[in-house]
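What the coordinates show
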Amino acid sequence: MYLNREEDDSKGSVTLSVFLVSLAVTVCAVWLVALCGVCGWCQRKLGKRNKPGVETAGTPDSARGRGEKKAINEGKMVVLSLAIGLAEQDDFANIPDLQEATQTAPANQEPPPEKRVGGNKPGNSPKGHPPDADGHSSVTDLANSLTGDMVMLSPGSDDDHEGPISEKLGRIQFSVGYSFQDSTLTVKVLKGQELPAKDFSGTSDPFVKLYLLPDKKHRLETKVKRKNLNPHWNETFLFEGFPYEKVRERTLYLQVLDYDRFSRNDPIGEVSIPLNKVELGHMQTFWKELKPCSDGSGRRGDLLLSLCYNPTANIITVNIIKARNLKAMDIGGTSDPYVKVWLMHKDKRVEKKKTVTMKRCLNPVFNESFPFDVPAHVLRETTIIITVMDKDRLSRNDVIGKIYLSWKSGPAEVKHWKDMMGRPRTNVAQWHALKA
């Protein structure tokens, strides 16, 4: 009996030992699992360093991490909402920038710190290029520039849109030389290149005027080259009986103009070169970029307008936004501008609409929209003529300038038309220089 009791006690102690060992193993296993859950080494090995939800609760670092993740998620939501609404918004922004930002930015990565350079305004970065000198991303540029439902595609300045449009005027080649034996200055006008289109047909009829400033009474002219943006004149002009001392006091002035049979010739650009800075002993040939005429004769002002094409409804909407630096047509140095919009099919006028008149204003704001029915099959034969007029109560209204929008207008106009077709249901805005 006593032996059996000892055997029972030994069995009970073994069972208790097994239970205690099992409990200890279980506690160790639970502790190891908990420790592994926050272990950075395991996470690095398993590639789960950035897996959400792994953070120590109740610590300042974890709270900051949650705040950062919340801010990143909110940023992602803003980017996503902007991307979704791009087809119907975007004012004065570069759309490919936003598309690139949303496609390439990692979802769980903070944006890099901004690098700022003093004195520069933020601008839009072309597609495939890094942010601008201020370090502003394209999304920041878009958020800062959104002011309405339109996309700004301007050949000019995107900063505040108050500077002159940097329209390329082409260049001209000419030669200059002096004969000491004959006391004759020789000027050869050779050719022009990449001149802007000034006519409705998308071309120009250029010719060149020559002066020896300060004398403006005596001028020489080349022949007119019809419908040619890269004319070859190859004409020689002689200024005979000019002593060399007087020649060096003169400035050679060349002005390129577009010939117009029924109205005033439209200046394209000018070049001037002081002859005291030229070695006249032998003929020298120059290529010079044309600059806007200094007397302002070539500037009529600029007009900001947007185009929107709805292919489902076959409607083109023209929005006349505002104008700037309009040419003064009245004696008081101002104008009373309004805008006429003509829809043309081939050479026939189909429909006309016009804005209200803005009294005594050279920088008017119109913000008026005009829809036109344009079936898809006549788009290539359609032209929209926009004319800025000066209202006169006692005489005939004066034309300040015109814009022709179609497939076959000038380079800036054709670009705007193609941008409109490439972005259906989107208001595409662009500045245009008014032409005669």
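Structure's up top.
Here the structure is a predicted model, which means the values were calculated and not measured.

With that settled, consider the pattern of salt bridges. Where charged atoms from two side chains of opposite charge come close, those side chains can pair. Under the definition given, this model contains five salt bridges. A salt bridge links Arg219 to Glu221, with the nearest nitrogen and oxygen atoms 3.2 Å apart. Taking relative accessible area as the criterion, Arg219 reaches 45% and is therefore assigned partly exposed.

Bringing the nonpolar core into the picture now. In terms of nonpolar packing, the biggest core is built from 28 residues, with Ile172, Phe174, Leu185 and Leu252 touching the most fellow members. The set of elements that each furnish at least two residues to this core consists of strand S2 (171-179), strand S3 (184-193), strand S4 (206-213), strand S6 (232-240), strand S7 (251-258) and strand S8 (266-274). In contact with Leu252, other than residues within four places in its own chain, are Phe174, Val176, Val187, Tyr211, Leu212, Val271, Ser272, Ile273 and Leu275. Listed in part, the 27 residues of the second largest apolar core include Val318, Ile320, Phe366 and Met420.

Of all eight residues in S4, eight are buried; the element is thus mostly enclosed. By the alternation rule, side chains of S4 split into Pro206, Val208, Leu210 and Leu212 and Phe207, Lys209, Tyr211 and Leu213, which are all buried. Inspection of the sheet shows S4 paired to S7 by eight bridges, in the antiparallel sense. Within the sheet, the bridge partner assigned to Phe207 lies in S7 and is Leu257. Hairpin connection from S4 to strand S5 (residues 215-221): one residue lie between these consecutive antiparallel strands.

Conventions adopted
- Residues numbered from 1 in each chain as written.
- Predicted model: local features only at pLDDT ≥ 70, side-chain atom pairs only at ≥ 80, totals over all residues.
- Heavy atoms only, no water.
- Salt bridge = Lys/Arg side-chain N within 4 Å of Asp/Glu carboxyl O.
- Buried < 20%, exposed > 50% of the residue type's maximum accessible area, 1.4 Å probe, protein only.
- Core = buried A, V, L, I, M, F, W, Y, C linked by side-chain atoms within 4.5 Å.
- Helix = DSSP H or I, 4+ residues; strand = E, 2+ residues; numbered from the N terminus.
- Contact = heavy atoms within 4.5 Å.
- Pairing = 2+ DSSP bridges.

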